[in-house]
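# Structural description and commentary
Here's the letter readout for the chains.
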Amino acid sequence: MWGGRFVEGPAAVMREINASIPFDKRLWREDIAGSKAHVTMLAAQGVVSAEDAAAIRDGLDAIAADYARDGVPEDLALEDIHMVTESRLAAAIGPAAGRLHTARSRNDQVATDFKLWTRAAIDEVLAALGSLQDALIARADEHADSVMPGFTHLQSAQPVTLGHHLMAYHAMIARDRSRFADARARANECPLGAAALAGTGFPIDRHATAAALGFDRPTANSLDSVSDRDFALDYLMAATQTALHLSRLAEEFIIWASQPFGFVSLSDQWSTGSSIMPQKRNPDAAELVRGHSGRIAGCMTALVMTMKGLPLAYSKDMQDDKPPVFEAHDLLGLSIAAMTGMIESATFRTTRMRALAESGFATATDLADWLVREAGVPFREAHHITGRAVKAAEDAGVRLDALPLDTLTAIDARIDARVFDVLSVDASVASRTSLGGTAPVRVREAIAAARARRDEEAGR
């Protein structure tokens, strides 16, 4: 490969550490596509003959069929997917294969291949996250009126609806999808034609290759073109944020599935048993989603550390850019699919949710708000009055709405019988009608808007 510059071959360890074919063989489809676009452009520009270009394209098609059928052979001596393909092309069509690499370098070649792969990976994630959103919307619609405790500090705070809770995760996933869409837009510039780092003296048409590969335009600076891995970092940053959101939802399912909570029963498809305790029903799928988030964040950190000190332009360190992105993509795909399946098949125990919502004095804020609204009490004073009422209910072992009226009026004479209109969990939930609130009417509006956006995105 190195021509006449080197007399001795590489050491065995050097051969192994230098080779990327064990992982970059995953780019074979992109490598074939980029090579075909490149040689077609070279022929159009008169740099290679139409006959040689046709032979190269036919040879590449045959190699692609071989890869699809048999996989990509790993030859460490050939280092990477680019040289493996070029070697097979030479064996298939002879000296004409040597014209393929005119006016390009492996530096712009791999940047192009990797961008093409990342772009497709983003499309996969966007579709998977769309399915997750659909599952959240469907279950939220089913439970727009189902009362559950809302928590802060994992302490009962105010009653909400399960539909509202699930739509909170829909909002997170919507932001995740926007981050991936933004990353895709930034990545959609084609590095091909930047060559090693300085461009080329051949009369190439970079706009033609960019268009042939579905990019919006060529990249603007040849140095940046071959040394940029922002698109991979953008992918990993978005993947990490998505994984964190999935992990939060997974943690809720783990807590909810525990016997003290008993809010949800996961289906057999997403649970496992114990080898020794026959009664166990473990939320292992959710635990693995939670665990994968750490590995995905680790992949992001790995590439950040690889890129942080590299001078322009290409350095061999950048060969390590692909394994963390590949690993993160595989883990993220599994996590999204598992979370979608769990949501679709979960049995929510709404009776249990409602009972706990009623047991934690979760309507205390409604009493304070009533004092402000109906009795003109400053909120801070109303807060103290309500605190005394909660203490009285706690001492009596009853819910706040079960306190006798005379007990409440003894705490503050401005309280009257109308207060019982706001102290039930249903009244509390129904009253939260502010934009984005948990009132069922607002939840249904949010669901309708989300469903309309999904229909528009999917062209339904």
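Higher on the page you've got the structure.
A brief look at the structure comes next. If you're wondering where the values come from, they're calculated on a predicted model, not measured in any experiment. (Residues numbered from 1 in each chain as written. Predicted model: local features only at pLDDT ≥ 70, side-chain atom pairs only at ≥ 80, totals over all residues. Heavy atoms only, no water.)

## So, the nonpolar core
Keep this limit in mind: To qualify as a nonpolar core, a set must consist of buried Ala, Val, Leu, Ile, Met, Phe, Trp, Tyr and Cys residues joined through side-chain atoms within 4.5 Å. Under the scheme applied here, a residue whose accessible area is under 20% of the maximum for its type counts as buried, over 50% as exposed, and between as partly exposed, the area being computed with a 1.4 Å probe on protein chains only. Per the convention used, a helix needs a DSSP run of H or I reaching at least four residues, while a strand needs a run of E reaching at least two, with both numbered from the N terminus. Contacts were defined at the residue level, with two residues in contact if any of their heavy atoms lie within 4.5 Å.
Phe180, Tyr235, Phe253, Trp256 and Met339 are the most contacted members of the largest nonpolar core, which totals 69 residues. Put simply, the parts of the chain that give this core at least two residues each are α6 (106–142), α7 (162–187), α10 (230–257), α11 (284–307), α12 (322–345) and α18 (440–458). Apart from the residues within four sequence positions on either side, tryptophan 256 is in contact with Met148, Leu162, His165, Phe261, Gly262, Phe263, Val264, Phe348 and Met353. Membership of the second largest hydrophobic core comes to 21 residues, among which are Ile56, Ile81, Leu100 and Ala103.

## Some points on the environment of arginine 399
Take arginine 399: it is sitting in the loop between α15 (379–396) and α16 (405–411). In the structure, arginine 399 is positioned 157 residues away from threonine 242 in sequence and 39 Å away in space, judged by C-alpha atoms. Those residues in contact with arginine 399 that sit more than four places away from it in its chain are Glu358 and Ala393.

## Some details on a nonpolar patch on the surface
Worth spelling out the cut-off: Patch membership requires over 30% relative accessible area and the absence of a salt bridge. Like charges are linked within 9 Å, and nonpolar side chains (Val, Leu, Ile, Met, Phe, Trp, Tyr) within 5 Å. Only the protein chains shown count as cover for residues, and the accessible areas themselves come from Shrake-Rupley with a 1.4 Å probe. Within this document, salt bridges are pairs made up of a side-chain nitrogen of Lys or Arg and a carboxyl oxygen of Asp or Glu, the two lying within 4 Å of each other.
A cluster of nonpolar residues, Leu197, Leu223 and Leu312, forms a patch on the protein surface that exposes about 260 Å² of accessible area. Mapped onto the elements, leucine 197 comes out in the loop between β3 (189–190) and α8 (206–212).

## Focus: the pattern of salt bridges
Counting across every chain of the model gives 36 salt bridges. Arginine 418 is the partner of aspartate 416 in a salt bridge, and the nearest nitrogen-oxygen pair spans 2.9 Å. Owing to a relative accessible area of 41%, arginine 418 belongs among the partly exposed residues under this scheme. Ionic pairing is found between arginine 454 and glutamate 457, a salt bridge with its closest N-O pair at 2.9 Å. One end of the pair is arginine 454 and the other is glutamate 457, both in helix α18 and 3 residues apart, which spans about a single turn. A residue is classified by how much of its surface remains accessible, and glutamate 457, at 47% relative accessible area, is partly exposed.

## Quick notes on unusual backbone geometry
Look at the link from leucine 312 to alanine 313: it is a cis peptide, with omega at 5 degrees. Residue placement: alanine 313 occurs in the loop between α11 and α12. Although it is not a glycine, leucine 154 adopts a positive phi angle of roughly 60 degrees. Turning to its location among the elements, leucine 154 is positioned in the loop between β1 (147–152) and β2 (155–161). By relative accessible area, which is 52% here, leucine 154 ends up exposed. Notably, alanine 195 is not glycine yet its phi reads approximately 60 degrees, a positive angle. Its place among the elements puts alanine 195 in the loop between β3 and α8.

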